[in-house]
Amino acid sequence: MANVIKIKKGLDINLKGKASEVLLNGGKSATYAIVPDSFSGITPKVVAKVGDKVKAGSVLMTDKNRPEIKFVSPVSGEVTAVNRGEKRKVLSIVVKPDAQQEYEDFGKKNVASLSADQVKESLLNGGMWPFIKQRPYDIVATPTDSPRDIFVTAFNSAPLAPNFDFIVKGEEANLQAGLDALAKLTKGKVYVGVKAGSALNLSGVEVVAFDGPHPAGNVGVQINHIKPVNKGEVVWTVNATDVILMGRLFNKGVADFTRLVAITGSETTERGYIKAIAGCTIESLLSGKVLDNGHIRMISGNVLTGTKVSMSDYLRAYDCQVTVIPEGDDVDEFFGWAVPGFGKYSVSHSYLTWLTGKSKEYVLDARVKGGKRAMIMSNEYDKVFPMDIMPEYLLKAIIAFDIDKMENLGIYEVAPEDFALCEFVDTSKIELQQIVRNGLNLLYKEMN
Amino acid sequence: MKALRNYLNKIKPNFEEGGKLAMFRSVFEGFESFLYVPNATSKTGVHIHDSIDSKRTMTVVIIALLPALLFGMYNVGYQHNLAIGANPGFWMTFIYGFLAVLPKIIVSYVVGLGIEFTVAQWKKEEIQEGFLVSGILIPMIVPVDTPLWMIAVATAFAVIFAKEVFGGTGYNIFNVALVTRAFLFFAYPTAMSGDQVWVRTADTFGMGAGQVVDGFSAATPLGIAKVAETSTVEFPWSFEDMVIGFIPGSIGETSVIAIAIGAIILLVTNIASWKTMFSVFVGGALMALIFNVAGPDTATAQMPWYEHLALGGFAFGAVFMATDPVTSARTETGKYIYGLLVGAMAIIIRVLNPGYPEGMMLAILLMNVFAPLIDYYVVEANIKQRLNRVKLNK
């Protein structure tokens, strides 16, 4: 282990419902879908038509502005629907899978013998490109850019997050091949952020271990501690779980989106991992595994950054986790502001829960638990924001549309997910991630 | 409890847009969220939230204020007993003070919350709970004999012109309670200073009537020091009295011990910043020491630092007013600077101004103005450091 970076600020929310490291049955989905909304910075252009027969790896849609970025079908079958919403916005492209899966053949390749352009082309054609995001803006990377460095995060520190060491078992060769491919794409280095104590053995990349609470696993935090992004620089970021899929593309020659999805949360009856293909229905993962009393919230992803979904909805592209928590809309808490509050989770010590120790697991529901206010308390965000950035002032600059200030205060380094904990602890219940997303979008428009 | 919930659900439609009581919608929502934690769930963003909200925050501050308030009530009775030379026992003393203070609390809340409710309804917003704290601070920082109508006028002025015109809770530049106090101070100076206003000598609702004993003075220690012609002054109280709080003064400010209990509550619950609080005391002590060495030859300048910190509104202001997160510096470095300057400025005003004995109120209000400037420079320093990083990389 080369060097360990210790993260001090942050917060591990000890939720009930961790996934045990066992494989569960499930994952056979009646339909699969691509949901364009899960990718930032994309204007979807649908290529496939309803009724088309597609293979796993066939193009379903492209980005209108950067048509070389392709989004491919995760399975072979028939395109059954292109669902549209208001202003004909594409909501999802649905594929009904065949009984026998067929794959587009991209050809097995030895990464070491490929040039940068060949690697790029393979990733684009194989539908793996959307997994590469860029800072600034936290959007799907532009293939024509040459990034300063590429950062891969090989652990997730969010509440109830899947254990990467478990996911990677048996996939080490694919991970290495994927990293080798990424290394071709930058003149700088590929940094892999791992959890301190991880036994991951990788070559050709710079491994940096991180120790500390969430958001230590956020790639943004890792970049800020390894080599921060300055104005004018572009870096790319990828999750190691997606690097495995990239490696598979080279090693097997097919677009195989099979991954392990963790089933977590206090309202699940069975917890563990399911082998599933990206884009499967939530039902295929959760059916028969939740305490359904009509008041549950299902989330694709984790409780901080995930998307609210229903049984008929789809697992989002980047997610390796579904979480089920109580919705809480049926709870009537009498005089909540006045009670001593043992058992109510709060980072502040204004409820007496902090006296009960740290090992206790909590069941949190989806209630906001208060009205939206102006920013009143100071230094709340800073305590859970381990970057060399002043979160409150950056947020205020975004709210004020002050572009110079945003740049100066570090907007190029952040993604909405970096503010998720700030949003969690916020007394004033402001939707900070949305503010950051709006700021990034605004800036992207101004700059391009 | 279920019955109450059902009843609220039943009458709720009346208050919604188009209902016959829609004009009281904010008030209804205010009471509903007072009774029950709102069970609205998150729509976008994080799916779980910390249990704290601004209602809880304000509740904790009020709890922290209670020791000082209760002691203040007792001290009102105690000082009255000294004035008329009576000793009716602990409970009667407390009840006398309680009855003297209670109308002030009621007036402050009724006027302030009345304005807040009206504005909230007018702007079609939720009622914000900021005034819950201001409303209890106001009666605690005035002399016991302040007429109720003055409190009403000053509270109305402060809530409207120091808070609502800026946009409401969280947007104000000045601490609302201190603006109330400043308004009283400048509009009705005779009711706010001198040696007549600090102790109630008359009866309260017929209780505690009596003749003022000969030679009784109700001057505050700082007032005595101010008019002293020598450079040393003999107080009729021991330092212990000053710490415990058996001295004349504004209702809530006298007891250092009661304020310390409040300070501990605020710090343990992470509601107030220890950086601000601590540096106010440091700033005050340092400035007092400087005056001891190099100050003018007056009693206030030569007063030892610990008396400066224990007397007047210094401790109360440091713990409850300077730490107001909205009007104080919000950056961590800024908090040290802000606190030091508040403390130093309070002592400078006490020592150097020729007119009035206390300086804490003006010091905090003055620094309220400078807080954004302090933060500006702290943020600029961060920006500069970030720009240097670019240069280093080149």
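Predicted model only: the values in this text are computed from it and were never measured. (Residues numbered from 1 in each chain as written. Chains lettered and ligands numbered in written order. Predicted model: local features only at pLDDT ≥ 70, side-chain atom pairs only at ≥ 80, totals over all residues. Heavy atoms only, no water.)

Turning our attention to the overall build of chain A. Along the backbone of chain A there are 10 helices and 21 strands. Whereas a compact globule of 448 residues would reach a radius of gyration of roughly 22 Å, chain A reaches 22 Å, a difference of no more than 12%. Taking the principal axes of its C-alpha atoms as reference, chain A extends roughly 65 × 50 × 50 Å. Put simply, chain A has 448 residues, and 61% of those count as buried. Of all intrachain contacts in chain A linking residues separated by at least 6 positions in sequence, the fraction that spans at least 24 positions is 69%. A total of about 17,400 Å² of accessible surface is found on chain A, and carbon and sulfur atoms cover 50% of it. Positive and negative side-chain charges in chain A, numbering 53 and 53 respectively, have mean positions lying 1 Å apart. (Helix = DSSP H or I, 4+ residues; strand = E, 2+ residues; numbered from the N terminus. Rg over C-alpha atoms; globule rule 2.2 N^0.38 Å. Buried < 20%, exposed > 50% of the residue type's maximum accessible area, 1.4 Å probe, protein only. Contact = heavy atoms within 4.5 Å. Areas by Shrake-Rupley, 256 points an atom, 1.4 Å probe, with all protein chains shown as cover. Lys, Arg positive; Asp, Glu negative; His and termini not counted. Charge placed at Lys NZ, Arg CZ, Asp CG, Glu CD.)

We now examine the overall build of chain B. A tally of helices and strands in chain B yields 17 helices and one strand. For a compact globule of 394 residues, the expected C-alpha radius of gyration is about 21 Å, and chain B comes in at 23 Å, within 12% of that figure. When its C-alpha atoms are laid out on the principal axes, chain B stretches across 75 × 70 × 35 Å. When the 394 residues of chain B are sorted by exposure, 56% land in the buried category. Of the accessible surface of chain B, which amounts to about 16,900 Å², a share of 69% is contributed by carbon and sulfur atoms. Between the centroid of the 25 positive side chains of chain B and the centroid of its 27 negative side chains there is a distance of 15 Å.

All names here are of chain B. With respect to the helices and strands, the residue Thr204 is situated in the loop between helix H8 (189-192) and helix H9 (221-227). Residue class for Thr204 comes out buried when judged on its relative accessible area of 2%. Sequence-distant contacts of Thr204, that is, excluding residues within four places in its chain, are made with Tyr96, Leu99 and Ala100.

Turning our attention to the sheet that holds strand E14 (residues 206-211) of chain A. All names here are of chain A. The seven strands lie next to each other as E1-E14-E13-E12-E15-E10-E11, forming an open sheet whose pairing is mixed. Since the sheet does not close on itself, it has two edges, and those belong to strand E1 (3-6) and strand E11 (139-140), each with one partner. Bridge analysis of strand E12 (residues 150-153) against strand E15 (residues 235-239) gives four bridges, and the strand direction is parallel. What sits directly across from Val152, in E15, is Val238. Lying over the sheet, helix H5 (residues 240-252) contacts E12 and E15, oriented at roughly 85 degrees with respect to E15. (Pairing = 2+ DSSP bridges. Axes fitted to C-alpha atoms, helices over the stretch in contact; angles between N-to-C directions.)

Our next topic: the sheet that holds strand E6 (residues 59-63) of chain A. Adjacent strands of a sheet form backbone hydrogen bonds with each other and so pair up, either parallel or antiparallel. Residues and elements named next belong to chain A. An order of E4-E6-E7 is seen for the three strands of this open sheet, with the pairing classed as antiparallel. Each of the sheet's edge strands pairs with one partner strand only, and the pair in question is strand E4 (44-46) and strand E7 (70-72). Within the sheet, the average angular offset between the axes of one strand and its neighbour, ignoring direction, is 30 degrees. With three bridges joining them, E4 and E6 adopt antiparallel strand pairing. Across the sheet, the residue bridging to Val46 is Met61, located in E6.

Let us look at the domain arrangement of chain A. If you check the domain split of chain A, you get domain 1 (32-97), domain 2 (107-252), domain 3 (258-356) and domain 4 (382-447). A separation of 31 Å is found between the C-alpha centroids of domain 1 of chain A and domain 4 of chain A. (Domains from an automatic or database assignment.)

What follows concerns unusual backbone geometry. For the peptide bond that leads from Arg135 of chain A to Pro136 of chain A, omega is 0 degrees, which places it in the cis range. The step from His214 of chain A to Pro215 of chain A runs through a cis peptide bond, and the omega angle for that step is 10 degrees. Positive phi is not limited to glycine here, since Arg88 of chain A has a value of about 60 degrees. Within the secondary structure, Arg88 of chain A sits in the loop between strand E8 (77-84) and strand E9 (90-97). The class for Arg88 of chain A is exposed, based on a relative accessible area of 56%. Positive phi is not limited to glycine here, since Lys124 of chain B has a value of about 55 degrees. You can see Lys124 of chain B is positioned in the loop between helix H4 (90-122) and helix H5 (130-140).

A few words now on the nonpolar core. The biggest cluster of nonpolar side chains holds 153 residues, and the ones touching the most others in it are Ile13 of chain A together with Phe316 of chain B. Setting aside residues no more than four positions away along its own chain, Phe316 of chain B makes contact with Leu65, Ala68, Leu137, Met140, Ile141, Gly252, Glu253, Ile259 and Met321 of chain B. Of all hydrophobic cores here, the second largest spans 84 residues; its members include Val75, Met128, Ile132 and Ala154 of chain A. (Core = buried A, V, L, I, M, F, W, Y, C linked by side-chain atoms within 4.5 Å.)

On to the packing of aromatic side chains. Residues and elements named next belong to chain B. All chains considered together, the criterion is met by 34 aromatic pairs over all chains. Both rings, one in Tyr376 and one in Tyr377, keep their centres 5.3 Å apart while their planes meet at 80 degrees; by these two values the pair is edge-to-face. For Tyr377, a relative accessible area of 54% puts it in the exposed group. Ring-pair connections join several aromatic residues into one group, and the members of that group are Phe71, Tyr74, Tyr78, Phe90, Trp91, Phe94, Phe98 and Phe246. (Phe/Tyr/Trp six-rings, centres within 6.5 Å; stacked < 30°, edge-to-face > 60°.)

When two helices pack together, you describe them by how their axes are tilted relative to each other and by the distance separating the axes. Residue and element names in this part refer to chain B. Taken N-terminus to C-terminus, the directions of H5 and helix H7 (residues 176-187) make an angle of 35 degrees; their axes are 8 Å apart at the nearest point. Of the two possible hands of crossing, H5 and H7 adopt the one that is right-handed. Judged by residue contacts, Ser134, Leu137 and Ile138 of H5 engage Val176, Ala177 and Thr180 from H7. In terms of residue class, the contact of H5 with H7 is made up of four nonpolar, two polar and no charged. (Left-handed = near helix turned anticlockwise from the far one by under 90°. Nonpolar A, V, L, I, M, F, W, Y, C, P; charged D, E, K, R; others polar.)

Further remarks concern the interface of chain B and chain A. Counting residues at the interface gives 61 residues for chain B, matched by 72 residues for chain A. Overall, the association of chain B and chain A removes approximately 6,000 Å² of surface from exposure, summing both partners, and the carbon and sulfur fraction of that is 53%. Contact with chain A buries area across many residues of chain B, yet His47, Ile48 and Arg330 of chain B alone supply 14% of it, more than any other trio. Between chain B and chain A we count six salt bridges in total. Among the salt bridges present, the one from Glu392 of chain A reaches Arg330 of chain B, with a minimum N-O distance of 2.5 Å. Here chain B is connected to chain A by 37 residue pairs in polar contact (both at pLDDT 80 or more). Counting residues per element, the ones that place at least two in the side of chain B that touches chain A are helix H1 (2-15), helix H2 (25-35), strand E1 (36-37), helix H3 (54-84), helix H16 (332-352) and helix H17 (360-393) of chain B. (Buried area = accessible area lost by both parts, 1.4 Å probe. Salt bridge = Lys/Arg side-chain N within 4 Å of Asp/Glu carboxyl O. Polar contact = N/O pair within 3.5 Å; in protein donor to acceptor, adjacent residues only side chain to side chain.)

One turn of the α-helix equals 3.6 residues, which is why residues spaced by three or four share an orientation. Residue and element names in this part refer to chain B. The end-to-end C-alpha distance of H7 is 16 Å, a good match for the 16 Å that 12 residues give at a rise of 1.5 Å each. Of all 12 residues in H7, nine are buried; the element is thus mostly enclosed. Within H7, burial applies to Val176, Ala177, Leu178, Val179, Thr180, Arg181, Ala182, Leu184 and Phe185. (Expected span 1.5 Å × (residues − 1).)

Right, let's get into the packing of helix H12 (residues 274-294) of chain B against H16 of chain B. All names here are of chain B. Following both chains from N to C, one finds H12 and H16 inclined at 35 degrees, their axes separated by 7 Å at the closest point. In the packing of H12 onto H16, the handedness of the crossing is right-handed. Within the contact of H12 with H16, the residues separate by chemical class into 15 nonpolar, six polar and three charged.

Let us look at a nonpolar patch on the surface. All names here are of chain B. On the surface, Phe157, Ile160, Phe161, Val165, Phe166, Tyr171 and Ile173 cluster together to form a nonpolar patch covering roughly 630 Å² of accessible area. Locating Ile160 in the fold gives a position in helix H6 (residues 148-163). By relative accessible area, Ile160 is classed as partly exposed at 33%. (Patch = residues over 30% accessible without salt bridge, like charges linked within 9 Å, V, L, I, M, F, W, Y side chains within 5 Å.)

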